[in-house]
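One-letter residues, chain by chain:
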Amino acid sequence: MGRNLLFILSDKHLNITSLEVNFEKRNFLHLTGVKTDLTASRFFDHCIDGTLSPNDFEFSKDGTTLLKLKVLPQIMTKNLNASNMVGDFCGSNIFLKTKKLVGGVKACVGFVKSGNIGYVPNTLLNIDIREITPSTLRVVTTYRKNISDDTYDEIVYSAKKINWNKITYPEELAYLPKPNSK
């Protein structure tokens, strides 16, 4: 919560792009799949302070809550653990409204554009990302910062078997430390 992640992405030709995502407490409820009358922020507060009651929510009748809760602890780490691919959602599920996917073979998080704050999480899927996106880019590095910070400096993930001398970040990201320079 209160953090941004910046994914540095590479295609097979080492063309580099990026995806920045934002996490606020109001985004967490979408990742659980539960139904509640509580606001998303209040639900989060009750989870954190241990005051959430079974009477405050119910599982979705379509079974998605159990699927989401099964992978939530694995993926919600400081770098979205097991997230080594990014792709565009191909729209194959009429009930799912998401734009970008970040994940791996076991699970992925969906993101949508939210006004001027960028991409925010709106779903968690217990599925191989490659099954629901036409193509993926490899995550080569993930950086993290507080939402209020101007720049990134904390590396929370770097891919293995990367020749960092062949990787050139876009000009606006050239200030970022590369994993081999730490």
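Whatever comes next refers back to the structure up there.
From a predicted model like this one, the values you see are computed outputs, not experimental measurements.

**Quick look at the overall build of the protein chain**
Argument step 1. If you tally the helices and strands in the protein chain, you get three helices and ten strands.
Argument step 2. Helices and strands in the protein chain line up, N terminus first, as β-β-α-β-α-β-α-β-β-β-β-β-β.
Argument step 3. Whereas a compact globule of 182 residues would reach a radius of gyration of roughly 16 Å, the protein chain reaches 17 Å, a difference of no more than 12%.
Argument step 4. Expressed as a percentage of its 182 residues, the buried residues of the protein chain come to 42%.
Argument step 5. A separation threshold of at least 6 residues defines the contact pool for the protein chain, and within that pool the share at least 24 residues apart is 51%.
Argument step 6. Each charge class in the protein chain can be summarised by its mean position, and for the 24 positive and 18 negative side chains these summaries are 7 Å apart.

**A short note on the pairing of strand E1 (residues 3-10)**
Argument step 1. Most of E1 is tucked away, with seven of its eight residues classed as buried.
Argument step 2. Bridge count between E1 and strand E2 (residues 16-23): eight bridges; the pairing is antiparallel. Opposite Ile 8, over in E2, you have Ser 18 as the bridge partner.
Argument step 3. Alignment of E1 against strand E9 (residues 136-146), held across eight bridges, turns out to be antiparallel. Of the residues in E9, the one forming a bridge with Ser 10 is Arg 138.

**Some remarks on the side chain of Asn 122**
Argument step 1. Residue placement: Asn 122 occurs in strand E8 (residues 119-125).
Argument step 2. Asn 122 sits in the buried class, given a relative accessible area of 18%.
Argument step 3. In this structure the side chain of Asn 122 is engaged in a polar contact, spanning 2.8 Å, whose partner is the side chain of Thr 98.
Argument step 4. The contacts of Asn 122, once residues within four sequence positions are left out, are His 30, Lys 97, Thr 98, Gly 110, Phe 111 and Val 112.

**Here we look at helix H2 (residues 40-49)**
Argument step 1. Within H2 the residues assigned to the buried category are Phe 43, Phe 44 and His 46. Axial view of H2: buried residues confined to an arc of 165°, hence all on one face.
Argument step 2. Residues of H2 that are buried in the fold lie against helix H1 (28-32), strand E3 (34-36) and strand E4 (57-59).
Argument step 3. After H2 finishes, the residue Gly 50 shows a positive phi value of roughly 75°.

**Regarding the nonpolar core**
Argument step 1. Core analysis: the biggest nonpolar cluster contains 19 residues, and Phe 7, Leu 19, Val 21, Phe 111 and Leu 124 have the highest contact counts within it.
Argument step 2. For this core, the elements supplying multiple residues, two or more each, are E1, E2, helix H3 (64-75), strand E7 (108-113) and E8.
Argument step 3. When sequence neighbours within four positions are dropped, the list of residues in contact with Leu 124 reads Leu 31, Lys 68, Val 71, Leu 72, Ile 75, Cys 108 and Val 109.
Argument step 4. Judged by nonpolar contacts, the second largest core, of 13 residues, contains Leu 6, Ile 16, Ala 159 and Leu 176.

**Points about H3**
Argument step 1. Compared with an ideal rise of 1.5 Å per residue, which puts twelve residues at 16 Å, H3 spans 16 Å between its outermost C-alpha atoms and is within 8% of the ideal.
Argument step 2. Among all positions of H3, only Thr 65, Lys 68, Val 71, Leu 72 and Ile 75 are buried. The arc enclosing the buried residues of H3, seen along the axis, measures out at 150°, which places them on a common side. Across H3 from its buried face, at more than 90 degrees, point the exposed residues Leu 66, Lys 70 and Pro 73.
Argument step 3. Looking at the buried side of H3, the elements it contacts are H1, E3, E4, E7 and E8.

**Side note on the pattern of salt bridges**
Argument step 1. Inspection of the entire model under this criterion finds seven salt bridges.
Argument step 2. Between Glu 24 and Arg 26 there is a salt bridge; the shortest N-O distance is 2.9 Å.
Argument step 3. Between Glu 154 and Arg 144 there is a salt bridge, with its nearest N and O atoms 3.2 Å apart. Of this pair, Glu 154 sits in strand E10 (residues 154-158) while Arg 144 is found in strand E9, placing the two residues ten residues apart along the sequence.
Argument step 4. Given a relative accessible area of 25%, Glu 154 falls into the partly exposed group.
Argument step 5. By sharing partners, the salt bridges in this structure join Arg 3, Arg 144 and Glu 154 into a single network.

Calculation rules
- Residues numbered from 1 in each chain as written.
- Predicted model: local features only at pLDDT ≥ 70, side-chain atom pairs only at ≥ 80, totals over all residues.
- Heavy atoms only, no water.
- Helix = DSSP H or I, 4+ residues; strand = E, 2+ residues; numbered from the N terminus.
- Rg over C-alpha atoms; globule rule 2.2 N^0.38 Å.
- Buried < 20%, exposed > 50% of the residue type's maximum accessible area, 1.4 Å probe, protein only.
- Contact = heavy atoms within 4.5 Å.
- Lys, Arg positive; Asp, Glu negative; His and termini not counted.
- Charge placed at Lys NZ, Arg CZ, Asp CG, Glu CD.
- Pairing = 2+ DSSP bridges.
- Polar contact = N/O pair within 3.5 Å; in protein donor to acceptor, adjacent residues only side chain to side chain.
- Arc of directions from axis to C-beta.
- Core = buried A, V, L, I, M, F, W, Y, C linked by side-chain atoms within 4.5 Å.
- Expected span 1.5 Å × (residues − 1).
- Salt bridge = Lys/Arg side-chain N within 4 Å of Asp/Glu carboxyl O.

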